[in-house]
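Residues per chain are reported as follows:
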Protein chains: 2
Amino acid sequence: MNLENTQIQMRKGILEFCILHIIARGEVYASDMLDELTRAKMIVVEGTLYPLLTRLKNAGLLEYKWVESKSGPPRKYYKLTDTGSSFLNGLTETWDDLVDSTEAVRTKSQVKA
Amino acid sequence: MNLENTQIQMRKGILEFCILHIIARGEVYASDMLDELTRAKMIVVEGTLYPLLTRLKNAGLLEYKWVESKSGPPRKYYKLTDTGSSFLNGLTETWDDLVDSTEAVRTKSQVKA
DNA sequence: TCCAGTACTTGGCTATACATAGTACTTTTG
DNA sequence: CAAAAGTACTATGTATAGCCAAGTACTGGA
């Protein structure tokens, strides 16, 4: 058990949440998302992102259309389905609760310390 | 893929973080932690907590001593080791970064929406 | 002795993030 | 026009956390 591994575990699920958020605000393709996540300091590699997108699409949360590119192969532009929007709302609630709970534990710790 | 499962994934690593925090503020045994987590609205079951404590102990982050109880079997009272304290500091940093990153993605979303 | 309560343990299951390697298409370059 | 480089996407195998469910061990009371 090392710190790095726990950090990885901490990201689980949260990454999915962030990606749904990014897609929620407009049609994007994978490289757009990678740029966006990198700017937010959430480093992700291709091998993580692409399978995740496929999974979300197969679950009916996303849909995509092919768009020709002027430099390279065509791209998949993703957007949320209605199901995806509902799902994102549910996740947002969970995330907020989780942050609150964690904050509660930390705050109480400071009071007693 | 359902919401519940993603919620479970979101908890990964965070639970460990919370438990280390709880132990950091004083010696406690498992039921104390369960109560504390329940109050913070982070429901955990025994089958999750006990293996986690064993794992943290084997990793050298925790140590425990047996304490007799007046009602029932003796209890393991845990406390952090020095290694555990350092580990918790690292996790705290990671968690704060993660919250910031997530907030960054969400905030930007609202600006464009 | 039998029963209920408390504390802790164990085994099997599922799902995600990662590393790594590979495919397919397009544009550039000699 | 053929080879190389770049872009976008795919596939496979590994490790690990959290959950469920059942089980063990000890205590005290009827």
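Anything mentioned here points back to the structure above.
Note that this is a predicted model, so its numbers are computed, not measured.

Each value, and the rule that gives it
- Per chain, the residues get numbers from 1 upward, laid out in the order the sequence is written.
- Each chain takes a letter, starting from A, and each ligand takes a number, starting from 1, following the order in which they are written.
- Under the rules for a predicted model, residues below a pLDDT of 70 receive no local features and side-chain atom pairs below 80 are neither given nor counted, while totals for whole chains, interfaces and linings still include all residues.
- Placing a C-beta atom from the backbone of each residue, we mark the residue near a molecule or strand if the atom is within 6 Å of it.
- Numbering of helices and strands runs from the N terminus, with a helix taken as a DSSP run of H or I at least four residues long and a strand as a DSSP run of E at least two residues long.
- As a working rule, the residues Ala, Val, Leu, Ile, Met, Phe, Trp, Tyr, Cys and Pro are called nonpolar, Asp, Glu, Lys and Arg charged, and the rest polar, with Gly in that last group.
- Remark: residues whose backbone-derived C-beta atoms lie within 7 Å of one another are considered to be in contact.

Caption draft 1: Broad picture of the protein's contact with DNA strand C. Taken together, 35 residues surround DNA strand C, and among them Gly-47 and Thr-48 of chain A together with Ala-30, Tyr-50 and Lys-76 of chain B come closest. When residues of the surface near DNA strand C are traced back to their parent elements, those giving at least two are α1 (3-11), α2 (14-24) and α4 (46-58) of chain A together with α1 (3-11), α3 (30-39), α4 (46-58) and β2 (75-80) of chain B. A class-by-class count of the residues in the surface near DNA strand C yields 13 nonpolar, 14 polar and eight charged.

Caption draft 2: Summary view of the protein's contact with DNA strand D. As a matter of local geometry, DNA strand D sits amid 33 residues, with Ala-30, Tyr-50 and Lys-76 of chain A together with Gly-47 and Thr-48 of chain B nearest to it. Looking at the surface near DNA strand D, the elements that each hand over two or more residues are α1, α3 (30-39), α4 and β2 (75-80) of chain A together with α1, α2 (14-24) and α4 of chain B. In terms of residue class, the surface near DNA strand D is made up of 13 nonpolar, twelve polar and eight charged.

Caption draft 3: Structural detail: the interface of chain A and chain B. Taken together, the contact pairs 38 residues of chain A with 38 residues of chain B. At the level of elements, α1, α2 and α5 (82-112) of chain A are the ones that each hand at least two residues to the side of chain A that touches chain B. Ranked by residues supplied to the side of chain A that touches chain B, first place goes to α5 of chain A with 15 residues. Counted by class, the side of chain A that touches chain B contains 19 nonpolar, eleven polar and eight charged residues.

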